[in-house]
Amino acid sequence: SSEAAQKRWTTSDFDVGKPLGRGKFGHVYLAREKRSNHIVALKVLFKTQLHQSQVEHQLRREVEIQSHLRHPNILRLYGYFYDQKRVYLILEYAARGELYKELQKCKYFSERRAATYVASLARALIYCHGKHVIHRDIKPENLLIGAQGELKIADFGWSVHTFNRRRTMCGTLDYLPPEMVESLEHDASVDIWSLGILCYEFLYGVPPFEAREHSETYKRIVQVDLKFPPKPIVSSYAKDLISQMLVKESTRRLPLHKLLEHPWIVQNADPSG
Ligand SMILES: COc1ccc(C(=O)Nc2ccccc2)cc1NC(=O)CCSc1ncnc(N)c1Br
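Residues take numbers from 1 onward in each chain, read along the sequence in its written order. Predicted model: local features are reported for residues with pLDDT of at least 70 only, side-chain atom pairs are reported and counted for 80 or more only, and whole-chain, interface and lining totals are derived from all residues. With hydrogens and water stripped out, all remaining heavy atoms of the structure feed into the side-chain values.

Q: Which residues make up the environment of Arg32, and what values go with them?
A: Position of Arg32 relative to the elements: it lies in strand β2 (residues 26-33). Looking at Arg32, the relative accessible area reads 35%, which means it is partly exposed. The spacing of Arg32 and Leu42 is ten residues in sequence and 9.1 Å in space, taken between C-alpha atoms. In this analysis, two residues are considered to be in contact whenever any of their non-hydrogen atoms come within 4.5 Å of each other. Leave out the neighbours within four places in its chain, and Arg32 touches Asp13, Phe14, Asp15, Asn37, His38 and Ile39. The helix and strand labels rest on DSSP assignments: H or I over at least four residues marks a helix, E over at least two residues marks a strand, and numbering proceeds from the N terminus. Partly exposed describes any residue whose relative accessible area lies between the buried limit of under 20% and the exposed limit of over 50%, with all areas from a 1.4 Å probe on protein chains only and scaled to the type maximum.

Q: How would you summarise the pattern of salt bridges if you had to cite specific residues and measurements?
A: Here, a salt bridge means any Lys or Arg side-chain nitrogen found within 4 Å of an Asp or Glu carboxyl oxygen. Summed over the entire model, instances satisfying the criterion amount to eleven salt bridges. Between Lys105 and Glu102 there is a salt bridge, with its nearest N and O atoms 3.6 Å apart. With Lys105 and Glu102 both in helix α4 (residues 99-106) and three residues apart, the pair spans about one turn of that helix. Here Lys105 falls in the exposed class, since its relative accessible area comes to 67%. On the accessibility criterion, Glu102 (19% relative accessible area) is buried. Each of Glu92, Glu150 and Lys152 takes part in a single network of salt bridges with overlapping partners.

Q: Residue-level account of helix α8 (residues 214-222), with values.
A: Listed as buried for α8 are Thr217, Arg220, Ile221 and Val222. Summarising the contacts, the buried residues of α8 are in contact with α6 (178-181) and α7 (189-204).

Q: Explain the site of the ligand residue by residue, including any values.
A: Distances are taken per atom, and a residue is near a molecule or strand as soon as one of its heavy atoms is within 4 Å of it. Inspection of the region around the ligand gives 22 residues, with Lys43, Glu62, Glu92, Ala94 and Ala154 positioned closest. In the analysis that follows, any N or O atom pair within 3.5 Å is treated as a polar contact, provided that within protein one partner can donate a hydrogen and the other can accept it, and provided that, for residues neighboring in sequence, both atoms belong to side chains. Glu62 is positioned with one of its side-chain polar atoms (N or O) 3.2 Å from a nitrogen atom of the ligand. Note that an oxygen atom of the ligand is positioned 2.6 Å from one of the backbone N or O atoms of Ala154. In isolation the ligand offers 700 Å² of accessible surface; the protein chains occlude 96% of this area. In short, Shrake-Rupley with a 1.4 Å probe defines the accessible areas, and a residue's cover is counted only from the protein chains shown.

Q: Which residues make up the nonpolar core, and what are the values?
A: Formed by 54 residues in total, the largest nonpolar core has its most connected members in Leu195, Phe202, Leu203, Leu259, Trp264 and Ile265. Here this core takes eleven residues from α7, the largest share from any one element. Apart from residues no more than four positions distant in its own chain, Leu203 is found in contact with Tyr108, Phe109, Ser110, Glu111, Ala114, Pro232, Val234, Ala238, Ile242 and Trp264. Grouping buried Ala, Val, Leu, Ile, Met, Phe, Trp, Tyr and Cys residues that are joined through side-chain atoms within 4.5 Å yields what is termed a nonpolar core.

Here is the structure:
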């Protein structure tokens with residue numbers, strides 16, 4: 001609510017509960033806002049750490065970006081407040097927790113589950129690109145699952161407005177497209193590449209260019225050394241979609257709206273997302 005965005009919150013407005021996980025730069029707790037009984041995730045960031053990592057401006061930009069984003073597959077940032085030592089982010093609580101833990105548990109997802117997640121992420125990214133925001137850090141660690149099993153993109157630590165895009169290196173190498181590992185200019189099509197990596201990892205349990213050494217992963221990415229193992233068995237429609245997303249030439253990657261019309265998505269994704 002817009003009230004949440006303006007109100008001066010303090011920790012005494014919340015009953016703080018169990019730790020939910022170690023997010024970026026700090027801990028996240030389950031919390032209940034006392035007046036409304038609304039359950040939220042409260043992320044605590046230490047000012048000293050933010051200062052040391054020189055990310056204060058990034059956090060301010062992120063809060064600004066997030067305050068304009070409203071989408072069922074994007075975790076809400078309701079508001080923030082701070083005290084002497086800490087900055088607190090009031091986040092939407094994703095009741096079924098972290099996607100990567102679910103992926104570790106199941107090893108890999110069914111084609112229906114993978115396609116449903118990929119379609120909802122594509123819709124969220126279409127929405128972000130419509131607002132000139134590219135996410136650039138789509139990986140399992142940044143995805144959460146809501147109460148109805150819906151996917152939520154949760155971490156905008158690296159999102160930028162396209163007009164002031166920066167060429168900083170971000171996150172694990174596995175998800176970076178060639179133009180980023182070669183630190184060239186990049187645009188929204190980086191998210192298409194990352195979504196292709198994610199789709200592969202949903203179906204096979206590992207990202208496509210994984211290797212023991214960073215240098216090896218780097219080589220496999222720039223060569224787009226894409227291989228589909230014989231197991232688990234994956235439909236040729238799924239392989240076709242992945243092959244159309246993991247294309248070196250960024251302008252030739254399948255556009256997100258075309259992804260939603262791809263037969264593998266049409267036949268496998270649950271429309272409710
Ligand atoms: C919109 O979600 C965010 C927005 C911003 C930032 C953030 O730290 N930005 C940032 C921090 C420092 C510098 C620059 C940017 C982080 C998140 N999100 C998270 O950290 C996820 C916390 S874990 C969790 N959350 C809800 N339900 C659960 N079940 C769990 Br587990």
